[in-house]
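# Tertiary structure, described
In case you want the letters, here they are:
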Amino acid sequence: MREQRKLDHLNLALQSNKSERYLSFDELHFIHRSLPEMDVQECNVNVNLGGLNLTSPLIINAMTGGAFSTEQINHDLAVIAKETGMALAVGSQKAALRNHKLIRTYEVVRKVNPKGIIFANVSADSTVEDALEAIEMVQADMLQLHLNIPQELVMPEGDRHFKGMIEKIHHIKEKVPVSVIVKEVGFGMCKETYETLKGIGIHIIDVGGKGGTNFAWIENQRREGKDFDFINEWGQSTVVSLIESAKYQTEIDFISSGGIRNPLDMVKSFALGAKAIGLASPVLSLLKEQGVEKAIHRIQNWHEQIKLIMTMLGKPRVEKLVNASLVVTGTTKEWCECRNIEYKSYAKRM
Ligand SMILES: Cc1cc2nc3c(=O)[nH]c(=O)nc-3n(C[C@H](O)[C@H](O)[C@H](O)COP(=O)(O)O)c2cc1C
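Here is a short report on the structure shown in this document. Numbering of residues begins from 1 in every chain and follows the order in which that chain's sequence is written. Local features in this predicted model are restricted to residues whose pLDDT is 70 or higher, and side-chain atom pairs enter the listing and the counts only when it is 80 or higher, whereas totals over whole chains, interfaces and linings include all residues. Remark: hydrogens and water are excluded; side-chain values derive from all non-hydrogen atoms of the structure.

## Re the site of the ligand
Among the 23 residues in the neighbourhood of the ligand, the closest are listed as Ala62, Ser92, Lys183, Thr213 and Gly259. A distance of 2.9 Å separates an oxygen atom of the ligand from a polar atom in the side chain of lysine 6. Each polar contact in these results corresponds to two N or O atoms within 3.5 Å; when the atoms are within protein, one needs to be able to donate a hydrogen and the other to accept it, and residues that are neighboring in sequence are counted only if both atoms are side-chain atoms. Contact between the ligand and asparagine 121: an oxygen atom at 2.9 Å from a side-chain N or O atom of the residue. Here the Shrake-Rupley method, with its probe set to 1.4 Å, supplies the accessible areas, and only the displayed protein chains count as covering residues. For the ligand, the protein covers 98% of the area, taking 600 Å² as the surface of the free molecule. Three classes are used: nonpolar for Ala, Val, Leu, Ile, Met, Phe, Trp, Tyr, Cys and Pro, charged for Asp, Glu, Lys and Arg, and polar for all others, with Gly counted as polar. Residue composition of the shell around the ligand, grouped by class: nine nonpolar, 11 polar and three charged. Neighbouring residues are identified by heavy atoms, a residue being near a molecule or strand if any of them is within 4 Å of it.

## Describing the pattern of salt bridges
Between Lys or Arg on one side and Asp or Glu on the other, a salt bridge is scored when a side-chain nitrogen of the former is within 4 Å of a carboxyl oxygen of the latter. Applying the stated criterion across every chain yields a total of 21 salt bridges. The partner of glutamate 244 in a salt bridge is arginine 339, and the shortest N-O contact between them spans 2.7 Å. Separated by 95 residues along the polypeptide, glutamate 244 in helix α10 (residues 238-244) and arginine 339 in the segment after α13 (330-338) bring together distant segments of the chain. Each residue is placed in one exposure class: buried if its accessible area under a 1.4 Å probe, protein chains only, is under 20% of its type's maximum, exposed if it is over 50%, and partly exposed if it falls in between. Judged by relative accessible area, arginine 339 falls into the partly exposed class, the value being 24%. Within this structure, Arg5, Asp8, Glu157, Glu219 and Arg222 form a network of salt bridges that share partners. Elements are defined by DSSP. Helices are runs of H or I of four residues or more, strands are runs of E of two residues or more, and each kind is numbered from the N terminus.

## Observations regarding the packing of helix α1 (residues 2-16) against helix α9 (residues 215-222)
To obtain an axis, a line is fitted to C-alpha atoms, over the contacting stretch when the element is a helix, and the angle between two such axes runs from 0 to 180 degrees between their N-to-C directions. Taken N-terminus to C-terminus, the directions of α1 and α9 make an angle of 120°; their axes are 10 Å apart at the nearest point. Looking at the two axes, α1 sits oblique to α9. Judged by the twist between their axes, the crossing of α1 over α9 is right-handed. In this structure, α1 uses Arg5, Asp8, His9, Leu12, Ala13, Gln15 and Ser16 to contact α9, whose residues at the interface are Phe215, Trp217, Ile218, Glu219, Gln221 and Arg222. Here the residues of the contact of α1 with α9 are counted per class, giving five nonpolar, four polar and four charged. With respect to orientation, any angle under 35 degrees is reported as roughly parallel, any angle over 145 as roughly antiparallel, any angle of 65 to 115 as roughly perpendicular, and every other angle as oblique. It is the rotation of the near helix from the far one that decides the hand of a crossing: anticlockwise by less than a right angle makes it left-handed, clockwise makes it right-handed. Contacts are residue-level and defined by heavy atoms, with any inter-residue pair within 4.5 Å sufficient.

## A look at the side chain of glutamate 152
By the element assignment, glutamate 152 lies in helix α6 (residues 149-154). Despite its burial, glutamate 152 pairs with no opposite charge; the closest candidate is arginine 160, at 5.9 Å N-O. Dropping the residues within four chain positions of it, glutamate 152 is found in contact with Gly158, Asp159, Arg160 and Phe162. In this tally, Asp and Glu contribute negative charge and Lys and Arg positive charge; neither His nor the terminal groups of the chain are included.

## Here's the deal with the nonpolar core
In plain words, nonpolar cores are sets of buried Ala, Val, Leu, Ile, Met, Phe, Trp, Tyr and Cys residues tied together by side-chain atoms within 4.5 Å. Leu58, Ile60, Ile80, Phe119, Leu143, Ile169 and Leu279 are the most contacted members of the largest nonpolar core, which totals 107 residues. The biggest single contributor to this core is helix α12 (residues 281-313), with 13 residues. When near neighbours in sequence (up to four residues on either side) are disregarded, isoleucine 60 contacts Leu77, Ile80, Ala81, Met86, Ala87, Leu88, Ala89, Leu279 and Val283.

## Things to note about the packing of aromatic side chains
The pairing test for Phe, Tyr and Trp rings, Trp by its six-membered ring, is centres within 6.5 Å, and the orientation test on the planes gives stacked under 30 degrees, edge-to-face over 60, and tilted for anything in between. Inspection of the entire model under this criterion finds three aromatic pairs. Put simply, the rings of Tyr194, Tyr248 and Phe254 pair up and form one aromatic cluster.

## A look at helix α11 (residues 263-271)
Within α11, eight of the nine residues are buried, leaving the element largely enclosed by the surrounding structure. For α11, the side-chain oxygen to backbone nitrogen distance between the N-cap and leucine 264 is 3.0 Å, and the N-cap itself is asparagine 262. A positive backbone phi angle near 105° is found at glycine 273, which sits one or two residues after α11.

## Some words on the environment of leucine 23
With respect to the helices, strands and loops of the structure, leucine 23 is situated in the loop between α1 and β1 (28-30). A residue is classified by how much of its surface remains accessible, and leucine 23, at 38% relative accessible area, is partly exposed. Counting along the chain gives 215 residues from leucine 23 to threonine 238, while the straight-line C-alpha distance between them is 9.3 Å.

## Digging into the pairing of strand β11 (residues 276-279)
The alternating pattern of β11 places Ala276 and Gly278 and Ile277 and Leu279 on opposite faces, both of which are buried. At least two bridges found by DSSP between two strands are what make those strands a pair. Where strand β4 (residues 58-60) lies against β11, three bridges are found, and the strand directions are parallel. Note that in β11 the partner of leucine 58 across the bridge is isoleucine 277. Sheet analysis places strand β10 (residues 253-257) next to β11, joined by three bridges and oriented parallel. From the neighbouring strand, isoleucine 255 faces β11, where its bridge partner is alanine 276. After leaving β10, the chain enters α11 and then returns to the sheet as β11, a path that is right-handed. A right-handed crossover is one whose linking path, passing over the helix from the first strand to the second, runs clockwise when the strands point away from the viewer.

## Description of unusual backbone geometry
Here the phi dihedral of lysine 226 falls at roughly 45°; this positive angle occurs in a residue that is not glycine. For lysine 226, the location among the structural elements is in the loop between α9 and α10. A relative accessible area of 42% places lysine 226 in the partly exposed class.

Here it is, written out as structure tokens:
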């Protein structure tokens, strides 16, 4: 059943990506300055995430492995990662932890990209033993622990027990030899969650916001009767999740992900304090629709386009973008007002 579910996710994710979603990035507007006083060639897109230097600020986020036919997809994603310098997260490794014949569908990424940055991925509900085995399987540089409670609840066969997860995350974090990234899968996060995760020593969080792949919608498509469609808009957008993180950015590195469509969304994420950008279905779509070579070319082009936007903003380094001024409007502004979050200061930066 788990194998079939992974295949359903791959197919449905490509459809959900095309459905209309609330586009929070369009509510952010950079203030154009006519005299940036810098050259494009000064720009550099290297970033540091939790102490790791990344030559690309973009991460291929967790998607697949766990069904025999996914080995080729992970192979191709690893080629893309190798050629572009992107870090790559494998999909949830639970399938291979339960059925060792499936290990090859994950470890292929390390074979293809021996020197690349690779993230292992298991549920935040996992045991330390499973986390250690998942890291070993792909010789991971970091471990992603995913949180996906709404997805589980919409899934008829999904989990119904979520007590004790904070302690489990803490325990894994204490026992594994690599940094832990706690990530959502498209429902976003809020400052209360950040406070809890900070309290157990988590230093890297992927906000996994609403706006892209929608696992409430995907799982509802898999339900008989599709009777859970009222939950489709559950969660915080990626932009809201990043704004909610502002107070925590000195202690925690945040990854912006969920519905990132283009280099402008990426640069807006950096302006809101993200250290790196996660992309799942956009890379899968590129691979499926255009193939490996064109996907590599498109991603290299994104790197160049990020630099062009950085030039317009007069910010030669990614970490300087956090000083770029932007205006917050629309639903995001209303959210900030209701949550007592100071949003006008984004427009007053120099
Ligand atoms: C086909 C597919 C499978 C996914 N499987 C996983 C998974 O196994 N583990 C996980 O943490 N996230 C998984 N995700 C979620 C992504 O990592 C990401 O958080 C989410 O898709 C939002 O990003 P996007 O809008 O760029 O797709 C999956 C996403 C897709 C599209």
